[in-house]
Every structure is written in structure tokens, then in C-alpha cells.
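# Breakdown of the fold
Given next are the chains, with one letter for each unit.
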Amino acid sequence: MGLVSRPSRIRAVLGPTNTGKTHLAIERMLGHQTGMIGFPLRLLARENYDRVVRLKGARAVALITGEEKIIPPNPSYFVCTVESMPIDRVVDFLAVDEIQLCGDRERGHVFTDRLLHARGLSETMFLGADTIAPLLRRLVPEAEISSRPRFSTLSYTGAKKLTRLPPRSAVVAFAVADVFALAEIMRRRQGGTAIVLGALSPRARNAQVGLFQSGEVDYLVATDAIGMGLNMDLDHVAFARLVKFDGHAPRRLAPAEIAQIAGRAGRHMNDGTFGVTDEIKALDDAVVEAVENHRFDPLARLYWRNARLDYRSLGALIASLERRPALPGLVSAPQADDHGALRALAQMADVAAMATNPASVRLLWEVCQIPDFRKVLSDTHARLLAQIYGHLAGPRGRLPTDWVASQVDRLDRTDGDIDTLMMRIAHIRTWTYIAHRADWLDDSGAWQERARTIEDNLSDALHDRITQRFVDKRAAYLVRRLADPSALLASVSEAGEVKVEGHYVGRLDGFRFRPDLAASGDAAKTLLAAAQRVLRGEIARRVARLAAAPDCEFALAADGVLIWNDGAVGRLIAGAHALQPRVEAIASDFFEGEQREIVRRRMAAFASAHLRQRLAPLFRARDAELTAPARGLAFQLAEALGSLPTATVAPLLRAVSAADRKALARLGIRLGVESVYHAGLLAPEIVALRGLLWAVAARASVPTAPAGAGMLRDLAVDASAYAAMGYRIVGSRVLRVDRFESFTARLRGLARQGGFAVTPALAALAHSPADELAAMLVALGYRATHHPDGVRFAARRAPARHRRHGRRRPSSSDAIDSPFAKLKELSLVR
């Protein structure tokens with residue numbers, strides 16, 4: 001290569017993407033004994049290097065990029081990045097890919113230099129877009145220009161919502177923040193997306209592309225980094241943004257740039273489509289026509305920078321860099337990063353003092369070409385370059401091993417978020433570049449390996465972070481399978497765990513599907529959609545099993561929910577009265593036809609049998625053959641759930657005969673002075689069931705059942721709930737009806753003997769602390785009097801009207817506000 005004078009066939013093969021230009025160039029190169037090809041990207045160079053190695057073997061091929069060099073002893077073929085092409089090497093064939101980048105502000109001058117000066121001995125080939133044809137013809141008149149048609153058709157489909165994009169789509173934006181925001185939406189709605197950014201290392205970028213290519217995700221969100229060199233199975237490209245910041249100011253994409261990116265859709269003979277998302281204005285008809293037909297305005301200028309540099313002094317070097325082009329069609333390139341770094345270092349007195357001869361100036365220029373992959377050209381990078389130059393220009397002429405180790409070691413960390421990892425990768429790529437300068441480092445091979453290992457580890461960590469953040473692999477897989485009309489493979493374990501295509505999606509709780517708790521929002525909707533495809537048959541089988549199941553497989557939970565196979569299938573709801581609640585089946589998205597009614601009827605049958613078994617004394621007494629007064633008493637007792645104050649049924653009690661009393665006693669009904677109650681309904685579990693039935697009838701929360709025979713009243717529990725559970729309220733305390741009967745009987749006996757004092761025995765009988773017993777006695781109507789030996793209590797005399805008309809003396813319970821008034825309001829007592 002280099003500046004050759006002998007004639008060389010020069011060909012320019014131009015055309016849109018997907019025309020087979022690269023394949024042609026590789027084929028032509030391998031037809032010669034020696035050859036070299038330059039690509040615009042490191043990952044493209046690596047991809048094609050691997051391709052040529054497979055064809056010719058590793059000994060025959062060299063790879064040269066800024067960050068990677070694999071050079072066997074006598075290679076026949078060189079695969080390079082354009083910037084790294086060894087221009088002093090003579091080869092038979094030479095090619096440069098994407099030659100239209102001569103018009104790129106940042107890198108154009110390098111491509112223009114190759115266009116003007118790089119030649120193969122026998123054949124030179126330039127590959128690129130048709131837009132460069134007029135200027136190429138003017139600058140290289142001897143070139144044979146041919147145009148290749150695109151293998152497939154590219155069609156515009158207009159605007160689509162982000163969530164309505166077809167599978168195998170790429171969404172394009174330009175700011176990293178926009179890419180991440182779009183990716184988050186795609187994760188929520190489509191299960192996940194791969195990410196491609198220019199800031200990703202080649203390894204991380206390839207790993208993300210691999211996610212897409214393997215089908216783990218069906219979507220890709222990217223910057224214009226996908227517009228060059230990434231060959232993927234894309235069907236559609238959607239632009240979410242059409243304005244990008246080009247390093248100087250925001251600007252709208254040119255039609256040719258839109259085509260370069262959109263052209264990634266469609267591969268080989270498969271047609272592709274492009275469009276925009278509904279967030280931006282649709283493309284103009286003229287732009288659409290240009291992209292679909294590959295007709296664009298030709299490049300008006302190519303960027304050029306003088307390559308014949310003057311190293312006699314710093315000033316001479318800068319002046320030679322800023323020399324203007326002489327040929328028409330060429331313009332001076334904007335100040336590149338290396339040029340800017342040179343100017344910055346030239347202002348440093350210590351650097352300028354060392355750069356005083358051609359050798360030291362040339363060395364400084366080489367240092368300035370160390371890339372800053374963060375693309376910010378910060379003071380930090382300039383200071384790093386100054387340190388490197390100071391070491392290299394010093395007596396030893398090498399970078400100190402300890403200093404290099406300190407710089408590299410601090411980057412060997414894989415903690416941190418996506419931004420942190422991308423920043424570390426940018427730093428280590430700079431050191432990878434430095435490590436390939438064997439004349440700058442002791443044991444450069446070891447440093448190359450160290451830098452490559454760190455970059456690989458950081459890249460893997462970055463890929464993992466991106467995948468964790470933007471890919472729900474389960475949801476992505478299910479979204480893809482749901483679009484397929486074929487049957488899904490599903491299984492439901494005995495515990496109700498639901499798996500679709502091997503992925504856990506949730507569990508069946510009775511007949512309700514509960515998506516995996518790890519999923520939320522749209523991901524949960526995806527799991528539900530997958531479940532709907534596979535669970536209807538399982539639900540039908542479960543309904544049939546439930547309908548035939550014996551009562552022993554069911555249970556009534558403390559909150560009124562009916563359980564079957566550890567799943568909630570129904571609940572009690574208010575019925576005609578407390579002892580006859582109705583049942584409703586818990587709704588399910590999967591019930592069809594009569595299935596819900598079948599479940600309801602079976603659960604109603606169980607609930608009725610369960611209540612009859614647990615509350616057997618109530619039902620037995622209610623249904624017994626009794627006289628009218630006794631039957632009326634049993635009926636009211638049943639509707640009050642097992643206990644009533646004696647005063648509320650006094651008329652019935654007066655009508656009950658001695659024979660009726662014996663019959664009621666045989667049924668377990670106690671006719672006390674204070675209360676009428678079923679002695680067999682006072683066990684804790686029955687008390688809790690009575691509280692549940694009260695809550696269902698009252699449409700209230702289930703009360704907390706008292707823990708024993710007496711306790712402090714819970715003010716959150718309604719008075720009528722205590723009554724339904726068989727407890728009487730006495731001041732600030734509650735007593736179970738049987739203990740209340742015993743307690744009040746003892747009080748009556750003491751009162752007949754005269755006044756009495758509070759004693760520990762009496763407090764124990766009341767299940768109350770002694771200091772609260774006095775308040776209970778007052779609540780029951782006993783009069784407190786003060787005596788020299790303490791407070792004593794005596795019975796309150798009956799009102800004069802009771803004595804005058806011979807009515808009964810009031811019981812202790814007459815002094816208590818009866819909660820049974822509310823029971824009557826709730827139709828629990830008639």
C-alpha cells in the first residue's frame with residue numbers, strides 16, 4: 001500500500017445497505033495473494049477478521065485496530081479499522097468500506113486520506129453509498145464506478161404506537177436518556193428489549209445483539225450505532241427521534257442518514273419496513289420517496305486534513321495540521337480530538353519545554369492520538385496525556401510499571417450502575433490502546449492481556465446490568481409465544497403452581513389465577529394472558545372435581561371464606577338471618593357457562609351441613625317437637641345464635657310449663673335468672689363461629705372472639721357482637737353467659753345476707769381484677785356505701801311502682817344497656 005505510482009485498477013462499488021458490497025470485497029481480496037481492508041468500526045473489523053480466519057486460517061490473517069492487534073509472523077491479509085491501516089505496507093488488493101464517511105465531520109479526513117492515497121498494487125476498491133459518486137469521480141477520475149441494487153425492498157409504513165410495533169423491530173433514538181426511557185417502556189409492554197449504544201464496548205454490544213438474534217427478545221432500542229456494520233435479522237426500524245446532537249448543535253437527520261439506519265431492516269432477500277413512532281411527526285413524502293428509492297443529494301464536500309506533517313517544532317506541526325486543501329470539493333476538517341489535545345498540551349509549559357526537536361514533537365503527536373473514548377476531551381484526559389508524555393520523553397523513555405498498574409487497577413471493579421460501568425469501559429479502552437504500544441511499555445503483551453481481561457469483565461457486567469434492567473426474559477418469551485396460534489405447553493402442580501412453556505407464571509388459588517408477585521403492571525398482564533390461554537381446561541377439570549368432592553375436603557375459614565384444596569373458592573354473605581347465610585363463589589376470569597353456579601351450589605351445600613354439624617344444639621332445639629311457647633323460645637334462641645337475656649323472653653318463659661322446662665333442659669337449654677342459653681355452644685371455636693355469623697349478617701368485620709370466660713371489653717367489638725357470641729357486658733368487662741349467671745347468683749346470695757365487700761374470691765368469680773370489680777357492681781345496680789372498715793355494697797330497692805303492682809324485682813341485667821336491641825334491628829332476634 002502507501003503512495004504507489006504504478007497503475008492499479010480502482011473500483012468504487014456503491015449502493016444502499018444490503019447489497020452485498022462487503023461480501024464482494026472479501027471475495028476479491030482473497031482472490032489475491034495479499035490484501036488489506038479497512039472498516040469503520042472495531043467490531044466490524046473483528047467480525048470480518050473471524051470470517052477470513054475461517055477461510056484462510058489464523059496464520060494468514062492479521063487484525064489491527066486501535067485497541068487490538070493480532071499479527072502473525074507473515075500474514076497475507078490485513079483486516080483493520082480505517083484509522084489503523086498500516087499505510088506503509090504494500091499489498092496486492094486494498095479496500096475501504098463506507099467510503100462516504102469522507103463527509104463525516106469527525107472522522108472524514110481519515111477516509112479522505114485513504115481515498116486519495118491508499119492503493120493496492122493490483123486492485124483498489126472503495127465501498128459505500130451513492131452519495132459520494134460525483135466527488136469521487138472528480139477526485140479519483142480513473143475509478144470505475146458501479147452501483148449495486150439492494151437485494152430487498154424497503155417500504156415506509158407510517159407511524160405506529162410503541163406498543164404496537166411488530167416483533168423483530170428496532171426503535172431508534174439518539175440520547176442515552178431517551179434510549180433508556182424507551183427501553184423501560186418496551187420492558188413493561190413487551191417483556192424486554194436489547195440495547196445498542198455507541199458507548200458500549202464491542203463485547204457488550206455483541207452480547208446485546210446476541211440477545212436479539214437468539215430470539216430471547218423481539219425488540220431492540222438503539223442509537224444510530226446500528227446504522228453501520230450490525231447485520232441483524234431486523235424486519236422493521238421505527239424512529240422515535242429524528243433530531244440528534246452532532247457534537248455542535250441539534251440537527252435533523254438527513255434523508256441519507258435515515259436510509260443508512262432504516263436500511264438495517266430486511267436482510268438479504270427479505271423485505272424490510274421503516275416508520276416512526278406516534279410521538280413524532282410522520283416523515284415528509286419527499287423523504288420517504290428518497291429513502292425507498294435510494295435517491296439522495298450527493299455529498300457537497302469531503303473533509304480533509306494534511307497528512308504530511310512538519311515535526312520541526314510545535315508551531316510547525318500545528319501549522320501543518322491547519323493547512324488548507326488545494327483540491328476542489330475538499331474542505332478543512334473541524335479540529336479533531338488529537339488536534340485539540342495537541343493545542344491543549346502545547347499550552348503547558350513543562351510539555352512545551354520537552355518538545356523542542358523533531359523526535360520529541362513526533363512523540364508528542366503520537367501521544368495526542370491516544371483516544372478518549374468518553375468523547376468529552378476533558379482536562380482529565382489532557383492531564384493524563386501530559387503525564388504519559390512526561391514519562392516517555394524522560395530519561396528512561398518508558399511508562400513506569402507501578403504507575404501504569406495504579407491507573408489500570410482502579411478500573412478493575414464490576415460494581416456500580418450502567419453509567420458507572422460504561423465510564424470504566426471508556427477508561428480501560430484508552431489503556432488497551434496504550435498497551436499496544438510495545439515501545440512505550442515493558443512487557444506490553446502482559447498489559448494487553450490485563451486490559452483486555454478488565455474490559456471483558458466490565459463488558460460482561462454491563463451486559464448483565466442492562467439485561468437485568470431492560471429484559472424480563474419470562475415475559476418476553478411469553479409475549480412471543482402468545483403471538484403464535486399453536487398450543488402452549490402448560491402444567492399445574494398439586495399445589496396450584498402454573499408453568500407455561502416451563503416458565504413459572506403464578507399459581508391457582510382456588511379458581512383464581514394469581515400472577516407471580518415478582519411481576520407488575522404490563523408484565524402481570526402478560527402472565528394473565530398466558531394463563532388464559534392454558535387454564536380454561538384445568539378450571540373445567542377442577543370444577544368437576546369440586547362438585548364431586550366430599551365435605552371433608554372443604555373448610556370454613558375464620559373470615560368466612562370457603563376453602564377447597566387450600567384455595568379460596570367461595571365466601572359467606574348475608575342471608576335471611578344469621579343462621580342461614582348465603583354463599584357466593586369467588587369470581588374467576590376463567591369460569592365459563594354454569595361453572596360458577598356449580599361451585600356456588602356445592603359450597604352452599606357444604607356450608608349448610610357444616611353449620612348444622614357445628615351448631616347442632618341450635619338446629620336440634622329449633623326443629624324439636626315442642627309446645628308453642630317452648631318452640632317459640634327455641635326459635636328465638638336459634639336466631640340469636642344461642643343466648644338471650646332472660647328479660648327479653650320473659651313473656652314466653654311465663655308461658656312455659658314445667659314439662660316444657662324439662663324438655664328444653666334435655667336439649668341443652670339453660671333457663672337462668674339472667675340469661676337463656678345453650679350450654680353446648682360456649683366452646684371457644686363455637687364462640688368464634690357465632691361471631692363470624694354475626695359479622696356476615698351485619699355486613700361487618702369479624703369480631704375478635706374473647707379468649708376466655710371473662711376479659712376486658714374490646715371497644716372495637718360491637719355490643720351486639722358480644723351478645724351473639726354469648727357474652728354479657730358489665731361495665732368495662734365482658735363475661736360469658738354461664739359465668740355471668742354464676743356471678744350474679746353469688747351476688748344475690750350475698751345481698752340477701754346484707755351488705756358485702758369486694759373480696760378476691762368474688763373478683764375471681766367475675767374474672768376481673770379487684771380494682772375493676774367495684775365498677776362492675778355499680779354497673780349491675782348495686783349501691784355502694786362507705787363504712788369504717790371500707791366500701792360495702794347492697795342491693796338497690798325496686799322502684800315503688802314495682803312494689804305497688806306486685807311485679808318481679810328487676811334482675812341485675814336490667815341495669816345494663818341491652819345490646820339485643822341492635823340484634824333485633826339486624827333481624828337476628830324477632
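Right above here is the structure, for reference.
Definitions and cut-offs
Residues numbered from 1 in each chain as written. Predicted model: local features only at pLDDT ≥ 70, side-chain atom pairs only at ≥ 80, totals over all residues. Heavy atoms only, no water. Helix = DSSP H or I, 4+ residues; strand = E, 2+ residues; numbered from the N terminus. Buried < 20%, exposed > 50% of the residue type's maximum accessible area, 1.4 Å probe, protein only. Pairing = 2+ DSSP bridges. Axes fitted to C-alpha atoms, helices over the stretch in contact; angles between N-to-C directions. Contact = heavy atoms within 4.5 Å. Phe/Tyr/Trp six-rings, centres within 6.5 Å; stacked < 30°, edge-to-face > 60°. Lys NZ or Arg CZ within 6 Å of the ring centre and 35° of its normal.

Let us now look at unusual backbone geometry. The phi dihedral of asparagine 565 falls on the positive side, at around 55°, and the residue is not glycine. Structurally, asparagine 565 can be placed in the loop between β24 (561-564) and β25 (567-573). For asparagine 565, a relative accessible area of 39% translates into the label partly exposed. Positive phi, close to 70°, is recorded for leucine 641, a residue that is not glycine. One can find leucine 641 in the loop between α22 (628-639) and β27 (643-645).

Read from one edge to the other, the open sheet built from three strands follows the order β27-β29-β28, with strand pairing classed as antiparallel. The open sheet has two edge strands with one neighbour each: β27 and β28 (669-671). Put simply, the sheet's adjacent strands are angled 10° from each other on average, direction ignored. The pairing of β28 with strand β29 (residues 675-678) spans three bridges and is antiparallel. What sits directly across from leucine 671, in β29, is valine 676. Contacts from helix α27 (residues 737-752) reach β27 and β29, with the element oriented near 140° to β29.

Before going further, it helps to spend a moment on the packing of aromatic side chains. Inspection of every chain in the model, using the stated rule, returns eight aromatic pairs. Pairing phenylalanine 511 with phenylalanine 591 gives two aromatic rings, centres 5.3 Å apart and planes at 45°, and the pair type is tilted. With phenylalanine 511 in the loop between β21 (503-509) and β22 (512-515) and phenylalanine 591 in the loop between β26 (582-585) and α20 (595-614), the pair connects residues that are 80 residues apart, well separated along the chain. Residue classification places phenylalanine 511 among the buried positions, given a relative accessible area of 1%. Clustering of aromatic rings is evident, with ring pairs tying together Phe511, Trp564 and Phe591. The lysine or arginine in question, arginine 168, covers the ring of phenylalanine 212, its NZ or CZ lying 3.8 Å from the ring centre. Above the ring of phenylalanine 373, the side-chain terminus of arginine 429 is found at 4.3 Å from the ring centroid.

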